[in-house]
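Structure at a glance
Letter by letter, the chains look like this.
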Amino acid sequence: VFDLNLIIHPANLYTAELLSDNLVDMTITIKADNELRFSIIGRDFYDNLLIIDTNEAKLKVINKNNQNEMPYKESYTDISNGEQKYVYDLTQEGIYEITSGTNDKKEDLFNNEVYTVKVEAGELSPEKTIVKIDSSITAGNKAIATLSPKDKYNNDVTVDDILLGK
């Protein structure tokens, strides 16, 4: 009789899951005033939990308006649970996609699933709001003023956003 000590390590990174407090049906909706925060958890082929290196995930957040890749503000690993956490400042209103791997999807960690981020205008900014008044007004006549409400990042704020407190 003899003792045999085995050390079992996870295999290579095979798949990943994206986690976010405000993820609904593969979409995260945030205001331009708020940071985009999410985590990914990696697993090997046998479903063992892996700690993912930022470079290994090849994670990209792409602005669908102009196809620019957005840089992350912060990335770190929570070694207590293996989550790789990401923080982004997405201040331009629009639709973004979160992908992983190469452009040809050979190394896609999300199994060809596409996570979408919808960035909505932030809070109304009086400093950025534009008011135009017809310069040809005369005393006693009606003046026409055009109001273009904006947030602090120059995103258009709708009247509904203002009235409904969105």
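Residues numbered from 1 in each chain as written. Predicted model: local features only at pLDDT ≥ 70, side-chain atom pairs only at ≥ 80, totals over all residues. Heavy atoms only, no water.

A tally of helices and strands in the protein yields 2 helices and 12 strands. In sequence order, the protein lays out its α and β elements as β-β-β-β-β-α-β-β-β-β-β-β-β-α. Considering only C-alpha atoms, the protein reaches an extent of 105 × 30 × 25 Å along its principal axes. Intrachain contacts of the protein at a sequence separation of at least 6 include 61% that bridge at least 24 residues. Carbon and sulfur atoms make up 50% of the accessible area of the protein, which totals about 11100 Å². (Helix = DSSP H or I, 4+ residues; strand = E, 2+ residues; numbered from the N terminus. Contact = heavy atoms within 4.5 Å. Areas by Shrake-Rupley, 256 points an atom, 1.4 Å probe, with all protein chains shown as cover.)

This part covers the packing of aromatic side chains. Applying the stated rule across the entire model yields 6 aromatic pairs. Between F45 and Y46 the ring centres are 5.3 Å apart and the planes differ by 90°, which places this aromatic pair in the edge-to-face class. The pair F45 / Y46 is uniform in exposure class, with both members exposed. Ring plane angle 80° and centroid distance 6.0 Å describe the contact between Y72 and Y86, whose orientation is recorded as edge-to-face. On the criterion of sequence distance, the pair formed by Y72 in the loop between β6 (60–63) and β7 (74–78) and Y86 in strand β8 (residues 83–88) is long-range, its members being 14 residues apart. Given a relative accessible area of 41%, Y72 falls into the partly exposed group. Put simply, the rings of F38, Y72, Y86 and Y88 touch in pairs and so form one group of aromatic residues. (Phe/Tyr/Trp six-rings, centres within 6.5 Å; stacked < 30°, edge-to-face > 60°. Buried < 20%, exposed > 50% of the residue type's maximum accessible area, 1.4 Å probe, protein only.)

Per-chain confidence: the protein averages 85 in pLDDT, with 92% of residues scoring 70 or above. Here helix α2 (residues 159–164) is the element of the protein with the lowest mean pLDDT, 67, and strand β10 (residues 115–120) is the one with the highest, 94. (pLDDT = per-residue confidence, 0-100.)

Glancing now at the environment of S75. Relative to the assigned elements, S75 resides in strand β7. In sequence terms S75 and Y88 are 13 residues apart; their C-alpha atoms lie 9.0 Å from each other. Engagement of the side chain of S75 in a polar contact is seen with the side chain of Q84, the distance being 2.7 Å. For S75, the side chain forms a polar contact with the main-chain oxygen of K85, separated by 3.4 Å. (Polar contact = N/O pair within 3.5 Å; in protein donor to acceptor, adjacent residues only side chain to side chain.)

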